[in-house]
Amino acid sequence: MYAILDIETTGGKYDEEGITEIAIYKYNGQKVVDQFSSLINPQKEIQPFVEKLTGINSKMLRSAPKFYEVAKRIVELTEDCILVAHNASFDYRILQTEFRRLGFPFERKSICTVELSQKLLPDEPAYSLGKLVRSLGIPFSDQHRAHGDAKVTLKLFELLLEKDVQKTILKEHINTKNPNKVPSKYLNLIDKLPSEMGVYYLHNSENEIIYIGKSNNIKKRVLSHLTGTQRKSIAIQAELSHITFSLTGGELVTLLKEQNEIKNIAPKFNRAMRFRIFPMGIRIDNTETYPKLILEQVKLEEQYISVFKNQKAAKTVLFRWADDFGICTHKTSLSKSDTACFNHGIQKCDGACIGAETPESYQEKIQLLLEDLSYPHEHFLIIERGKKEGESSFVYIENSIFRGYGYHELNHQIKSQNQIEARLIPMENNPDAQKLIRSFLRRKKYKKLIPLSFNTTHENIE
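Quick summary incoming for the structure in this document. (Residues numbered from 1 in each chain as written. Predicted model: local features only at pLDDT ≥ 70, side-chain atom pairs only at ≥ 80, totals over all residues. Heavy atoms only, no water.)

Next up on the list: the overall build of the protein. Looking only at helices and strands, the protein has 17 helices and 16 strands in total. A compact globule built from 462 residues would reach a C-alpha radius of gyration of about 23 Å, whereas the protein, at 28 Å, exceeds it by more than 25%. By its C-alpha atoms, the protein is 85 × 55 × 45 Å across when sized along the principal axes. Evaluated residue by residue, the protein yields a buried proportion of 50% over its 462 residues. Taking the contacts inside the protein whose residues are at least 6 apart along the sequence as the reference set, 59% of them involve residues at least 24 apart. One finds the centroid of the 65 positive side-chain charges in the protein at a distance of 4 Å from the centroid of its 58 negative side-chain charges. (Helix = DSSP H or I, 4+ residues; strand = E, 2+ residues; numbered from the N terminus. Rg over C-alpha atoms; globule rule 2.2 N^0.38 Å. Buried < 20%, exposed > 50% of the residue type's maximum accessible area, 1.4 Å probe, protein only. Contact = heavy atoms within 4.5 Å. Lys, Arg positive; Asp, Glu negative; His and termini not counted. Charge placed at Lys NZ, Arg CZ, Asp CG, Glu CD.)

Put into structure tokens, the structure is as follows:
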């Protein structure tokens, strides 16, 4: 027996959504034997974009039943059934969240028609519900309403049942384990976590930090650790005792704080990041007539103009520099040839490879590359949002060196270097930090950049 399900929600932060509409069709493999559809009063505001998408507004829900008033009907209708939904993990999680708020468990086997469609209909161009059913010629009305989406999911499921002649694929895709089940001993911990950006710390019973992570939604990310079935997640679950966190506000501050604390604390389950996020680097060797770009594993004693996650990424950028700045590929560690390089043949290299370009001219190209990789100012602040309303976060660069980050209330001014220093949380200016800052600046995710002099800021932080 199957319970074909669709849920519409208020939207909002992960694990804090409320149900606005639910529809369930009980299906025995041949026909619908029972059904339930109702608007639900979520007792919270609907996000404007959700209201626009679904057409469901708060006025429509004022007289609708609250979830606890229909919970018994949902339990009875889905009992001894396999839940079927398009993106089943979402609908299942929402139901579990609502039942958890009532103090009751809700556990069912489930099937996701997205996964099943990808297996049985591999040539379809898209697997969103609307695009998929239209491609299959299934009529679809009342899209983004629970009754309409559930009804069309039922028709899709009927087709998939027919396609799976041996019923072997269907059995493989029945989720017998609860993918969203959090061990009961962790429920209180999860409920106390925020759905906001920050860094979190997983501790064992000895209060040792065993893992540090970051997320724009701490609760959602920690839930993935507690429900994961990968080896690392299982190992963390076996040792986890309690969770702490630190809200950060800005994305760059979050990235910098995570990498800094992993290096300082070296948690046992952060092996990959204990030393470097970006283990490959490119540096300049000035011991030869023409400056040479060396690609290698990062060494503590060397200075690198850029670092990378792997050799492939580094090579890709090195070839791009060759195109953009006229860098000769034979003047890099990628080649030992003293013949003309390929780019010289297509007139993208001026002949440093064969001595046709002067060392001074080639050095100018290297200098242009370095200028392109440099920070936009020698001394400046990168401004992001803060941890709360009325606050900003800042990242401080002095003499082109990353000094650290801090927070600043919007109704006060930073007028001097001393005021910046007083609010500063110092950090190491390592290659990983430099890479994170440069990448962030390229993406222009900041609120503003404030150039500085040594004595005073040029403008206020607002």
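This part is about the pairing of strand 4 (residues 82-85). Across the two faces of strand 4 the burial is the same, with Ile82 and Val84 and Leu83 and Ala85 all buried. Pairing analysis gives 3 bridges linking strand 1 (residues 2-9) to strand 4, with the strands arranged parallel. Its bridge partner being in strand 4, Tyr2 is matched across the sheet by Ile82. Sheet topology note: the strand 4/strand 5 (residues 109-112) ladder contains 4 bridges and is parallel. Across the sheet, the residue bridging to Ile82 is Lys109, located in strand 5. Crossover connection from strand 4 via helix 4 (residues 88-101) to parallel strand 5: handedness right-handed. (Pairing = 2+ DSSP bridges. Right-handed = clockwise from strand over helix to strand, strands pointing away.)

Before going further, it helps to spend a moment on the side chain of Glu17. Of note, Glu17 is situated in the loop between strand 1 and strand 2 (19-27). Polar contacts involving the side chain of Glu17 include one to the side chain of Arg93, which spans 3.0 Å. Ignoring any residue separated from it by four or fewer positions in sequence, one finds Glu17 in contact with Thr9, Thr10, Gly11, Gly12, Lys44, Phe90, Arg93, Ile94, Glu98 and Arg101. (Polar contact = N/O pair within 3.5 Å; in protein donor to acceptor, adjacent residues only side chain to side chain.)

Taking 1.5 Å per residue, 18 residues should reach 26 Å; helix 7 (residues 146-163) reaches 25 Å between its end C-alpha atoms and fits that length. Looking at helix 7, one finds that the buried residues are Ala146, Gly148, Asp149, Ala150, Val152, Thr153, Leu154, Leu156, Phe157, Leu160 and Leu161. (Expected span 1.5 Å × (residues − 1).)

Turning our attention to the layout of surface pockets. Empty space within the largest pocket amounts to approximately 600 Å³. If you trace the largest pocket, you find 25 residues lining it, with Gln303, Asn429, Asn430, Pro431 and Gln434 closest to the centre. Elements with a minimum of two residues in the lining of the largest pocket: strand 11 (306-308), helix 15 (359-373) and helix 17 (431-443). Sorting elements by how many residues they give to the lining of the largest pocket places helix 17 first, with 4 residues. (1 Å grid on protein atoms, 1.4 Å probe; cavity = no way out; pocket = protein on both sides within 12 Å on 5 of 7 lines; lining within 4 Å. Points joined across faces, edges and corners; volume = space filled by probe spheres on them.)

A word on the sheet that holds strand 16 (residues 448-451). One open sheet accounts for 5 strands, arranged 15-14-13-12-16; its pairing is antiparallel. Of all strands in the sheet, those bounded by a partner on one side alone are strand 15 (425-426) and strand 16. Against the sheet, helix 17 makes contact with strand 12 (380-385), strand 13 (391-398), strand 14 (401-409) and strand 16, and its axis sits at roughly 70 degrees relative to strand 12, the strand it touches most. (Axes fitted to C-alpha atoms, helices over the stretch in contact; angles between N-to-C directions.)

By size, the foremost hydrophobic cluster in this structure holds 31 residues, and its most contacted members are Tyr2, Ile4, Ile111 and Phe157. Of all the secondary structure elements, the ones that give two or more residues to this core are strand 1, strand 2, strand 4, strand 5, helix 5 (113-120), helix 6 (129-135) and helix 7. Looking at this core element by element, the count peaks at 8 residues for helix 7. Ile4 has contacts with Ala23, Ile24, Tyr25, Tyr27, Val84, Ala150, Thr153, Leu154 and Phe157, leaving out every residue within four places of it along the chain. (Core = buried A, V, L, I, M, F, W, Y, C linked by side-chain atoms within 4.5 Å.)

Let us now look at the packing of helix 10 (residues 218-227) against helix 11 (residues 231-239). Interhelical geometry of helix 10 versus helix 11 gives an angle of 95 degrees and a closest axis separation of 7 Å. As the angle between them shows, helix 10 and helix 11 are arranged roughly perpendicular. Taking contact as the criterion, the partners of Ser224, His225, Leu226 and Thr227 in helix 10 are, on helix 11, Ser233, Ile236 and Gln237. Of the residues belonging to the contact of helix 10 with helix 11, the class tally is 2 nonpolar, 5 polar and no charged. (Parallel < 35°, antiparallel > 145°, perpendicular 65-115°, else oblique. Nonpolar A, V, L, I, M, F, W, Y, C, P; charged D, E, K, R; others polar.)

Purely geometric stuff here, so don't read any function into it on its own.
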